[in-house]
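Listed below are the residues making up each chain.
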Amino acid sequence: MGPSDRHDRLRRWQAASLLAAAPMASLSAADTAATAPLQAPPGQQRIASAALVERLHQRVLSGQSATATLEHWCAEHGLAEQARVRAVRVHGQDKPAPADVLQALGATQPGTALRYRRVQLGCGSRVLSEADNWYLPDHLSPAMNQVLDSTDEPFGRVVGPLGFQRQTLADQTFWPPRGEGDDGVVLEVRALLRDRQQQPFSYVIESYLQQALP
């Protein structure tokens, strides 16, 4: 056997080895593709997120208490180990009530007692919403006012014994969120709370954040 014959046999053996390895390489790539997690295209992700915002929107509108609504939402979507909403007061801020707030509360007369409370509602490590709340302390019991003045307890939980009803005055969803990051606003609601006698006693502007989405 001459050198040229040996070279021909070596080339044929190398070619056969490459052909044998090719199916294994193809199978490996197929297995990797099969086990890789499937991700929805960006367009579908946007649609799904917008649908979640609308679902939260409808829950808030149909609920009588933002606190209770968010607790149910937190539990349903597993946003925290313990689905209990807590209020964190933002101290050191006092925002004068706009004219439309005073009008809605019937607090346009000079000397009418009016208090302001800004809180963040959180569940676990997430801040779900922020709220500006102007309310009439004379419509609340002394015990309620004491709790609101000295603790971070959510407003809706404190005034629950009033049997209040919630009247939505304005609402708007935002997707993409208004603002940046987790603090971007996906839903804003303005609402008036009325007691059993249908007397208004609280005006809230609620901003629901992107962190409220699972």
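Cut-offs and rules
Residues numbered from 1 in each chain as written. Predicted model: local features only at pLDDT ≥ 70, side-chain atom pairs only at ≥ 80, totals over all residues. Heavy atoms only, no water. Phe/Tyr/Trp six-rings, centres within 6.5 Å; stacked < 30°, edge-to-face > 60°. Helix = DSSP H or I, 4+ residues; strand = E, 2+ residues; numbered from the N terminus. Buried < 20%, exposed > 50% of the residue type's maximum accessible area, 1.4 Å probe, protein only. Lys NZ or Arg CZ within 6 Å of the ring centre and 35° of its normal. pLDDT = per-residue confidence, 0-100. Contact = heavy atoms within 4.5 Å. Salt bridge = Lys/Arg side-chain N within 4 Å of Asp/Glu carboxyl O. 1 Å grid on protein atoms, 1.4 Å probe; cavity = no way out; pocket = protein on both sides within 12 Å on 5 of 7 lines; lining within 4 Å. Points joined across faces, edges and corners; volume = space filled by probe spheres on them. Nonpolar A, V, L, I, M, F, W, Y, C, P; charged D, E, K, R; others polar. Arc of directions from axis to C-beta.

So, the packing of aromatic side chains
Reasoning step 1: Counted according to the given criterion, the structure contains 4 aromatic pairs.
Reasoning step 2: Judged by centre distance (5.2 Å) and plane angle (55 degrees), the ring pair of Tyr135 and Phe155 falls under tilted. Of this pair, Tyr135 sits in strand E3 (residues 126-135) while Phe155 sits in helix H6 (residues 155-158), and the two are 20 residues apart along the sequence.
Reasoning step 3: Overall, the relative accessible area of 9% leaves Phe155 in the buried class.
Reasoning step 4: Members of the aromatic cluster, connected to one another through ring pairs, are Tyr135, Phe155, Phe164 and Phe201.
Reasoning step 5: When the ring centre of Phe174 is taken as reference, the NZ or CZ atom of Arg178 above it lies at 4.7 Å.

Some details on the confidence of the model for the protein
One rule of thumb: low pLDDT means the predicted coordinates there are not for detailed reading.
Reasoning step 1: When the pLDDT values of the protein are averaged, the result is 84; 80% of them are 70 or greater.
Reasoning step 2: Low confidence marks residues 15-38, where pLDDT is under 50. Its contacts with residues over four positions away, or in another chain, come to 0 contacts.

Overview of the pattern of salt bridges
Side chains that differ in charge, positive against negative, can pair when their charged atoms come close.
Reasoning step 1: Applying the stated criterion across every chain yields a total of 12 salt bridges.
Reasoning step 2: In this structure, the salt-bridge partner of Glu130 is Arg118, at a minimum N-O distance of 3.2 Å. Of the two residues, Glu130 is situated in strand E3 and Arg118 in strand E2 (residues 115-123); the sequence distance between them amounts to 12 residues. When sorted by exposure, Glu130 lands in the same class as Arg118, which is buried.
Reasoning step 3: Arg118 is paired through a salt bridge with Asp132; the nearest N and O atoms lie 2.7 Å apart. Taken together, the positions of Arg118 in strand E2 and Asp132 in strand E3 put the pair 14 residues apart, joining distant regions of the chain.
Reasoning step 4: Looking at Arg118, the relative accessible area reads 18%, which means it is buried.

A few points about empty space enclosed by the protein
Reasoning step 1: In total, this model carries 1 cavity of 30 Å³ or more according to the counting rule given.
Reasoning step 2: Of the voids in this model, the largest cavity is the one considered here, and its volume is about 220 Å³.
Reasoning step 3: Lining the largest cavity are 18 residues, and of these Ala66, Phe155, Gly156, Val204 and Glu206 sit closest to its centre.
Reasoning step 4: When residues of the lining of the largest cavity are traced back to their parent elements, those giving at least two are helix H3 (66-77), E2, E3, H6 and strand E6 (200-209).
Reasoning step 5: The residue makeup of the lining of the largest cavity, split by class, is 9 nonpolar, 6 polar and 3 charged.

Remarks on helix H5 (residues 142-150)
Reasoning step 1: If you check which residues of H5 are buried, you get Met144, Asn145 and Leu148. Considered in projection along H5, the buried side chains sweep an arc of 95 degrees and stay on one side of the axis. Turned more than 90 degrees from where H5 packs its buried face, Pro142 and Ala143 sit exposed.
Reasoning step 2: Buried-residue contacts for H5 involve strand E1 (86-89), E2, E3 and H6.

Considering the environment of Val127
Reasoning step 1: Looking at the element boundaries, Val127 is found in strand E3.
Reasoning step 2: As a C-alpha pair, Val127 and Tyr208 span 81 residues in sequence and 8.9 Å in three-dimensional space.
Reasoning step 3: Leaving out residues up to four positions away in the same chain, Val127 has contacts with Gln120, Leu121, Gly122, Leu209 and Gln211.

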